[in-house]
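# Understanding the architecture of this molecule
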Amino acid sequence: MPPPADIVKVAIEWPGAFPKLMEIDQKKPLTAIIKEVCDGWSLVNHEHYALQHADSSSFYITEKNRNEIKNGAILRLTTSPTQNALQLHERIQSSSMDAKLEALKDLASYSRDITFAQEFINLDGISLLTQMVESGTDFGDMLSFTLTAFVELMDHGIVSWDTFSVAFIKKIASYVSKFPTDIAILQRSLAILESMVLNSHDLYQKVAQEITIGQLIPHLQGADQEIQTYTIAVINALFLKAPDDRRQEMANILAQKKLRGIILQHVIRAQRAINNEMAHQLYVLQVLTFNLLEDRMMTKMDPQDQAQRDIIFELRRIAFDAESEPNNSSGNVEKRKSMYTRDYKKLGFINHVNPAMDFTQTPPGMLALDNMLYFAKHQQDAYIRIVLENSSREDKHECPFGRSSIELTKMLCDILKVGELPSETCNDFHPMFFTHDRSFEEFFCICIQLLNKTWKEMRATSEDFNKVMQVVKEQIMRALTTKPSSLDQFKSKLQNLSYAEILKIRQSERMNQEDFQSRPILELKEKIQPEILELIKQQRLNRLVEGTCFRKLNSRRRQDKFWYCRLSPNHKVLHYGDLEESPQGEVPHDSLQDKLPVADIKAVVTGKDCPHMKEKGALKQNKEVLELAFSILFDSNGQLNFIAPDKHEYCVWTDGLNALLGKDMMSELTRNDLDTLLSMEIKLRLLDLENIQIPDAPPPIPKEPSNYDFVYDCN
């Protein structure tokens, strides 16, 4: 008799018959189990049948995934993937339009299952679908379901994208360029174009020839956010895969088509919330736009290049308004050199004799000089004021404009991660960068004035340069976290983050982190800590009870597929299941078909230890995805794989799962919460002792008295 762990009790349905309750021995071959079920209903040719989950997922059960069957699961006996694929392959070629439409609907649904997809693809099903599209005879729902089935089949990564003809690409591109188009057809066509560009260099070239930015722009001006999202995704894909020598040209086209203004008006400032996928695409566009600066950032200045040297001369001219230059007579050469050296020192360059040498370090290279010239030309009064103000100070207190600009440019490139590829999961876009065509330069202009202001507030000297830069970085980062909607609002935020305010914030944070180190306070912390940890534990478990929507990712493309997981209120069972779309609120337990008893969980692993991070593909190489991955390992080598939507959810779930298993909560979020709550609790308990000095050590215990005659005797 097999051990209980290998036996799963299930119910199996068959149309027109009462469900059959049976025990499945997981050690027996699946074909033997299917034969047993067929025999019970007197069905012949058991090889034409298969088992399938009866829930909304309807995935086939195979030898590979059979360990996912849980006690109490409801299964369905159905036609095998091979038979189903053969039937659908024939049905979608039916001469009856109604029958063909129903077949395409079924195909779109079944194609989500990789087992069926493999069988249908083996029948050359992809070629059949592409021929149907190329023929141009299908319209409306017929075409919509054809494209849906195609997208679902291609998402499994079984067929290479390099196999498609120019005729197919032209047809898909025509559904995007002809405006208006059926929304469902347009959405799927955009998704196909994005995948083509991202997954094949040859297809990128062909798609780029067939679709123009001008044809995509109208789709951004509509009210459908999903269409807008897919449109920006296609633009991003074209931008990302463009050869290095064409990216600037493409950026110029985007500027000519006023893409930034259209996105600002119709997406960012539209009267609706921006969903996570749109935020991600805006973030990607932001990163790709700033990455255009990489070439200048990594270009060293050539001291022999007269055009580059002329920029430095222009900076000097604007600052000091040199109306006349000494002539080149031998008597004036030395005088001119001396004057230039003096002015370059006032401009704050490190190399007073040849300031071109200041721009040979990369990063920031020539980008720093570009920023300085932009500031000098577009905010000339502020530029002259800063230079002259500092040139008239005592030497030890002057803020070197040249050196500051170079280091500030380097800092801004680091903050905005110029030159780095966009993350697969990040959605940290800043609306203010979409409000100006030269947003990086304007960003620099605001920050260089902030630096000069902070320098004065700190009464800094040249020895304090690095300290000032640290304060300025903190001011910028704190202002950016508030996500200002415009550059002017960003400037206002900085006004409220003066050096004095930064000191207050630092002092407050230091109070939370470093103060209260006396022995009595440490003992109080030690006593309170278990209560705080229990509070954090309950909060984590409550969040797991609420549940979280997780996005499904694969190595080929970002998918709009979701699944939901939540803990039962009694903390005994994890409920999970697939969703058609991102939910607006909590998903009820009864709508999640799959269950995992907490008692069956063996371990929780994270990062590179996760099974789905060990698989071949792009996910393995993506650092951001790796940092958000965790897996639950349970009985019979089962696994439940997660990719958290963000770092906060990752910490909540790993903490909550560890708490369920009786292990310590080790996340950074727990450490921060513990520090915050401990500090608050101690401050509350010490309110009555305000302005009273707490000794570092307890007072000494007095000696025992010689007698106890003073004790009152109740008798």
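Quick note: structure is the one above.
Below: a short report on this structure. Please read these numbers as outputs of a predicted model, since none were measured by experiment. (Residues numbered from 1 in each chain as written. Predicted model: local features only at pLDDT ≥ 70, side-chain atom pairs only at ≥ 80, totals over all residues. Heavy atoms only, no water.)

### Here's the deal with the overall build of the chain
- Counting its secondary structure elements, the chain contains 29 helices and eleven strands.
- Relative to the 2.2 N^0.38 estimate, which gives 27 Å for 715 residues, the radius of gyration of the chain is 34 Å and therefore markedly larger than a compact globule would have.
- If you line up the chain on its principal axes, its C-alpha atoms span 110 × 110 × 40 Å.
- Summarising the internal contacts of the chain: among those between residues at least 6 apart in sequence, 67% fall at separations of at least 24.
- Carbon and sulfur atoms make up 50% of the accessible area of the chain, which totals about 36,900 Å².
- Distance between charge centres in the chain, computed from 84 positive and 100 negative side chains, equals 4 Å. (Helix = DSSP H or I, 4+ residues; strand = E, 2+ residues; numbered from the N terminus. Rg over C-alpha atoms; globule rule 2.2 N^0.38 Å. Contact = heavy atoms within 4.5 Å. Areas by Shrake-Rupley, 256 points an atom, 1.4 Å probe, with all protein chains shown as cover. Lys, Arg positive; Asp, Glu negative; His and termini not counted. Charge placed at Lys NZ, Arg CZ, Asp CG, Glu CD.)

### Structural notes on the pattern of salt bridges
- Counted by the stated rule, this structure contains 25 salt bridges.
- The closest approach of N and O atoms between Lys483 and Asp428, which form a salt bridge, is 2.9 Å. Within this pair, whereas Lys483 is found in the loop between α22 (465-481) and α23 (487-495), its partner Asp428 is found in the loop between α20 (401-415) and α21 (439-458), the two being separated by 55 residues in sequence.
- On the accessibility criterion, Lys483 (33% relative accessible area) is partly exposed.
- For the salt bridge of Glu474 with Arg506, the shortest nitrogen-to-oxygen distance reads 2.9 Å. Placement of Glu474 in helix α22 and of Arg506 in helix α24 (residues 499-513) is noted, with a sequence separation of 32 residues between them.
- Residue classification places Glu474 among the buried residues on the basis of a relative accessible area of 16%. (Salt bridge = Lys/Arg side-chain N within 4 Å of Asp/Glu carboxyl O. Buried < 20%, exposed > 50% of the residue type's maximum accessible area, 1.4 Å probe, protein only.)

### What about the packing of aromatic side chains?
- Inspection of the entire model under this criterion finds 31 aromatic pairs.
- When the ring of Phe313 is compared with that of Tyr340, the centres are 5.9 Å apart and the planes differ by 50°; the resulting orientation is tilted. Residue Phe313 is found in helix α16 (residues 306-320), and its partner Tyr340 is found in helix α17 (residues 330-346); the two are separated by 27 residues along the sequence.
- Look at Phe313 and you get partly exposed, because its relative accessible area is 26%.
- Both rings, one in Phe443 and one in Phe490, keep their centres 5.3 Å apart while their planes meet at 55°; by these two values the pair is tilted. Note that Phe443 is positioned in helix α21 and Phe490 in helix α23, a separation of 47 residues in sequence. (Phe/Tyr/Trp six-rings, centres within 6.5 Å; stacked < 30°, edge-to-face > 60°.)

### Topic: the pairing of strand β10 (residues 629-634)
- With five of six residues buried, β10 lies mostly within the body of the structure.
- Looking at chain direction, strand β9 (residues 601-606) and β10 are connected through five bridges and run antiparallel. Opposite Thr606, over in β10, you have Phe630 as the bridge partner. (Pairing = 2+ DSSP bridges.)

### Remarks on a negative patch on the surface
- A cluster of like negative charges, contributed by Glu420, Glu424, Glu624 and Glu627, occupies part of the molecular surface.
- Along the polypeptide, Glu627 turns up in helix α27 (residues 623-627). (Patch = residues over 30% accessible without salt bridge, like charges linked within 9 Å, V, L, I, M, F, W, Y side chains within 5 Å.)

### Observations regarding the nonpolar core
- Within the largest apolar cluster, 79 residues are counted, with the highest numbers of intra-cluster contacts made by Leu129 and Ile263.
- Ignoring anything within four residues of it in the chain, the contact list for Leu129 reads Ile92, Leu104, Leu107, Phe120, Thr146, Ala149, Phe150 and Leu153.
- Within the second largest apolar cluster, 67 residues are counted, among which are Tyr344, Phe349, Cys399 and Met458. (Core = buried A, V, L, I, M, F, W, Y, C linked by side-chain atoms within 4.5 Å.)

### A few points about the sheet that holds strand β1 (residues 7-13)
- Strand order across the open sheet formed by four strands is β2-β1-β4-β3, with mixed pairing between neighbours. The sheet is open, and its two borders are formed by β2 (20-25) and β3 (49-53), each paired with just one other strand. Between one strand and the next, the sheet's axes are offset by a mean angle of 45°, whatever the strand orientation.
- Across three bridges, the pairing between β1 and strand β4 (residues 74-79) is parallel. The residue of β4 that forms the bridge with Glu13 is Arg76.
- Sheet contacts for helix α1 (residues 30-40): β1, β2, β3 and β4; angle to β2, the most-contacted strand, approximately 160°. (Axes fitted to C-alpha atoms, helices over the stretch in contact; angles between N-to-C directions.)

### A word on α1
- Along α1, the residues classified as buried are Leu30, Ile33, Ile34, Val37 and Cys38. For α1, the angular spread of buried residues about the axis comes to 135°, placing them on one side.
- On the buried face of α1, the contacting elements are β1, β2, β3 and β4.
- Once α1 finishes, Ser42 follows within two positions and takes phi at roughly 60°, a positive value. (Arc of directions from axis to C-beta.)

### Structural notes on the sheet that holds strand β11 (residues 638-643)
- What the three strands build is an open sheet, ordered β9-β10-β11; its pairing is antiparallel. Edge positions in the sheet fall to β9 and β11, since each has one partner strand and no second. Averaged over all pairs of adjacent strands, the angle between strand axes in this sheet comes to 15°, irrespective of strand direction.
- The strands touched by helix α28 (residues 647-660) are β9, β10 and β11; relative to β10, the strand with the most contacts, the crossing angle is about 25°.

### Brief notes about the environment of Lys100
- Tracing the chain through its elements places Lys100 in helix α3 (residues 97-110).
- Lys100 gets classed as buried once you look at its relative accessible area, which sits at 10%.
- Considering only alpha carbons, one finds Lys100 and Glu90, ten residues apart in sequence, at a separation of 9.4 Å.
- Apart from residues lying up to four places away in sequence, Lys100 is in contact with Arg91, Ile92, Ser94, Met132, Asp138 and Met142.

### Here's the deal with the pairing of β2
- Two strands pair when backbone bridges link them, and β1 and β2 are joined in this way by six bridges, in the antiparallel orientation. Within β2, the residue paired with Ala11 across the bridge is Leu21.
- Connecting β1 to the antiparallel partner β2 that follows it, the hairpin turn spans six residues, and Gly16 within it adopts a positive phi of roughly 85°.

### Focus on the side chain of Ser405
- Relative to the helices and strands, Ser405 is located in helix α20.
- Those residues in contact with Ser405 that lie beyond four places of it in its chain are Ala368, Met372, Phe444 and Ile448.

### So, the environment of Glu501
- Mapped onto the fold, Glu501 is located in helix α24.
- Along the primary structure Glu501 and Ala251 are separated by 250 residues, whereas in three dimensions their C-alpha atoms are 40 Å apart.

### So, unusual backbone geometry
- Looking along the chain, the bond that leaves Thr362 and enters Pro363 is cis, with omega of -15°.
- Between Pro363 and Pro364 the backbone carries a cis peptide bond, its omega angle lying at 10°.
- The phi dihedral of Arg459 is positive, around 50°, even though this residue is not glycine.
- The topology assignment puts Arg459 in the loop between α21 and α22.
- Located in the positive-phi region is His571, a residue other than glycine, with phi close to 65°.

### As for the side chain of Asn658
- As for its position among the elements, Asn658 is in helix α28.
- Residue contacts for Asn658: discarding those within four places in its chain leaves Val604, Lys663 and Asp664.

### What to know about the packing of helix α7 (residues 166-177) against helix α9 (residues 201-210)
- Remark: α7 packs on α9, axes separated minimally by 10 Å, with the N-to-C direction vectors making an angle of 45°. As summarised for this structure, α7 and α9 are arranged oblique, according to the angle between their axes. Taken as a pair, α7 and α9 cross one another with a handedness that is right-handed. For the pair formed by α7 and α9, the contact residues are Val166, Ile169, Lys170 and Ala173 on the first element and Leu203, Lys206, Val207 and Glu210 on the second. (Parallel < 35°, antiparallel > 145°, perpendicular 65-115°, else oblique. Left-handed = near helix turned anticlockwise from the far one by under 90°.)

### A few points about helix α25 (residues 519-546)
- Counted at 1.5 Å a residue, the expected span for α25 with its 28 residues is 40 Å, and the 40 Å between its end C-alpha atoms agrees.
- Ile528 marks where α25 bends most, by close to 40°; the proline Pro530 follows one to four residues later.
- Among all positions in α25, only Ile521, Leu524, Lys525, Ile528, Ile532, Ile536, Arg540, Leu541, Arg543, Leu544 and Val545 are buried. (Expected span 1.5 Å × (residues − 1). Bend = angle between axes of the 7 residues up to and from the residue.)

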